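# Observations on the three-dimensional arrangement
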Amino acid sequence: MSLIFGNLAVVGQTPGTTADSVSAVAPAIPADTVPPRKKGLINRIISYFDDSNKPPSHKKFDISFLGGPSYSSSTNFEIAVIAAGLYKSRYDSLTPRSNISIFTEVSVIGMFNVGVRGSHIFPGDHMRINYDGNFTRFPSYFWGIGFDSESNDGNKGKYTLFESAIKAEFIWKLGRNVFLGPAFTFNYSQAGDVRKPELWRGERLKQLNYGAGLVFSLDTRDDAENPYKGLHFQLSNRYYPTFLGNRRYFYTGEVTLGIYHRFWESGVWALQAHGAISGKDTPWSMLPTIDASGAVRGYYEGRYRDRNEADIVLELRQKVWRRNGIVLWGGVAAVFDHPSEITGRRLLPTYGIGYRWEFKKRVNVRVDFGIGRHSTAFNVSINEAF
């Protein structure tokens, strides 16, 4: 799902002083003094955007309230509102910025999504808490499970996804740029108004799952949301045993490698390789999808899913003029039950072009047009794809 943001801002005004004002300790104001004109709403908004990407002040919490229309190929036209905050738990060179976003999306197809996500970084960066929670109602389509079913356009069937999901990671610093800690997951998913129940292969349409595992991270990026240089390697797993309340035992695992390099002052290339695995009893709602990594664009959200997923994407990011930039990307993805199934016929290409506008320092609004296999997708959101 996607977000685009216009700003809702109010700028305070200082009233002028009339010409007949007098003071015992100051000279009278000349009669030709003209009080400053109050700015209209449009000018206030323009002034806010002009100032929004200035170097951040040292106030403890920098918050922006954003809202406006958006469009994506999956959700159609929508209205999105977000409160986005940046802050530091301590002002020193060892503590990166923490961030939090509270968001709401409502679309013309009846999609509703509300949630919160962010990362809290403790003083000295000795510990991080990453979290993501949301509640969603999403009228969508389902093509089945596995490439052969999902690549058949005739399998397209309507359903409505109801989902409530919470993910949290508590990671401690072990050494320079190295983190390790526990991770927890809660997921409730229900497929309602199903038109083609046979696509679920007899699986329960309502799923409730609890998981716990570990996360290992090596992170040398100069900025987590919009890196210009550095490396990010993360390995995580989740186990869903029956004693936690799951109907059956299964597991999931994920690995991500991102490399970022600034090849000149205004240009960055970013490479991400990503893979995900799951056990044979993993329910449909918890299976890896090609778009879960954020890098693969050009496909309907959640269409391709299976027990395993892999993708690799190279993106070139170039500032063009002032706060405007463009990106070009290309890559390939696959979903499969066994690695022997990865053949040329099953590869899912992704490539496209995007526009970037720097809303705040190191925070971009992005517009992407992606092209896939017999598929295109348009998306407007905030922050880089990976």
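On a predicted model such as this, the values are computed, not experimentally measured, just so you know.

Rules used throughout
Residues numbered from 1 in each chain as written. Predicted model: local features only at pLDDT ≥ 70, side-chain atom pairs only at ≥ 80, totals over all residues. Heavy atoms only, no water. Helix = DSSP H or I, 4+ residues; strand = E, 2+ residues; numbered from the N terminus. Buried < 20%, exposed > 50% of the residue type's maximum accessible area, 1.4 Å probe, protein only. Areas by Shrake-Rupley, 256 points an atom, 1.4 Å probe, with all protein chains shown as cover. Salt bridge = Lys/Arg side-chain N within 4 Å of Asp/Glu carboxyl O. Patch = residues over 30% accessible without salt bridge, like charges linked within 9 Å, V, L, I, M, F, W, Y side chains within 5 Å. Pairing = 2+ DSSP bridges. Polar contact = N/O pair within 3.5 Å; in protein donor to acceptor, adjacent residues only side chain to side chain. Contact = heavy atoms within 4.5 Å. Phe/Tyr/Trp six-rings, centres within 6.5 Å; stacked < 30°, edge-to-face > 60°. Lys NZ or Arg CZ within 6 Å of the ring centre and 35° of its normal. pLDDT = per-residue confidence, 0-100.

Attention shifts here to the overall build of the protein. For the protein, the helix and strand inventory stands at two helices and 17 strands. Scored against the burial criterion, the 386 residues of the protein give a buried share of 45%. About 19,700 Å² of surface is accessible on the protein, with carbon and sulfur atoms providing 61% of the total.

Right, let's get into the pattern of salt bridges. For the structure on display, the rule yields 22 salt bridges. For the salt bridge of Arg-97 with Asp-223, the shortest nitrogen-to-oxygen distance reads 3.4 Å. Remark: Asp-223 occurs in the loop between strand S9 (206-219) and strand S10 (230-240) and Arg-97 occurs in the loop between strand S3 (76-87) and strand S4 (98-107); sequence separation between them is 126 residues. According to the relative accessible area criterion, Arg-97 is partly exposed, its value standing at 27%. Given a relative accessible area of 12%, Asp-223 falls into the buried group. Note that Glu-315 and Arg-297 form a salt bridge whose closest N and O atoms lie 2.8 Å from each other. In this pair, Glu-315 sits in strand S13 (residues 308-321) while Arg-297 sits in the loop between strand S12 (267-278) and S13, placing the two residues 18 residues apart along the sequence. Where salt bridges share partners, they join Arg-297, Glu-315, Arg-317, Arg-356, Arg-366, Asp-368 and Glu-384 into one cluster.

On the surface, Phe-263, Trp-264, Leu-314, Leu-316, Leu-328, Ile-353 and Phe-369 cluster together into a nonpolar patch covering about 640 Å² of accessible area. For the nonpolar patch, the elements supplying multiple residues, two or more each, are strand S11 (250-264) and S13. Relative to the assigned elements, Leu-316 resides in strand S13.

Turning our eyes to something else, we now look at the environment of His-374. Note that His-374 resides in the loop between strand S16 (363-372) and strand S17 (375-382). Residue class for His-374 comes out exposed when judged on its relative accessible area of 79%.

It is worth spelling out the pairing of S10 at this point. Only one face of S10 is buried: it carries Gly-230, His-232, Gln-234, Ser-236, Arg-238 and Tyr-240, and the other face, with Leu-231, Phe-233, Leu-235, Asn-237 and Tyr-239, is open. Pairing geometry for S9 and S10, over eight bridges, is antiparallel. Residue pairing across strands places Phe-216 opposite Leu-235, the latter belonging to S10.

A few words on the side chain of Arg-362. Tracing the chain through its elements places Arg-362 in the loop between strand S15 (348-360) and S16. For Arg-362, a relative accessible area of 18% corresponds to the buried category. Polar side-chain contacts of Arg-362 include one of 3.0 Å to the backbone oxygen of Asn-226. What Arg-362 contacts, discounting residues up to four positions off in sequence, is Arg-97, Asp-222, Asp-223, Asn-226, Pro-227 and Tyr-228.

Time to look at the packing of aromatic side chains. Tallied over the full model, the rule gives 20 aromatic pairs. Between Phe-216 and Phe-233, the ring centres sit 6.4 Å apart and the planes meet at 65°, which makes this aromatic pair edge-to-face. Here Phe-216 is found in strand S9, whereas its partner Phe-233 is found in strand S10, with 17 residues between them in sequence. Assessed through its relative accessible area of 25%, Phe-233 is described here as partly exposed. Joined through ring pairs, the aromatic side chains of Phe-142, Tyr-159, Trp-200 and Trp-284 make up one cluster. Above the plane of the ring of Trp-329 lies Arg-297, whose end atom (NZ or CZ) is 3.9 Å from the centre. For the cation-ring pair, Arg-317 lies above Phe-386, with the distance from its terminal atom to the ring centre recorded as 5.1 Å.

What follows covers unusual backbone geometry. One non-glycine residue, Arg-362, lies in positive phi territory at about 65°. For His-374, which is not glycine, the phi dihedral falls at a positive 50°.

On average, residues of the protein carry a pLDDT of 87, and 85% of them reach 70 or more. Confidence over residues 4-27 falls short of pLDDT 50; this stretch has 37 contacts with residues more than four positions distant or in other chains.

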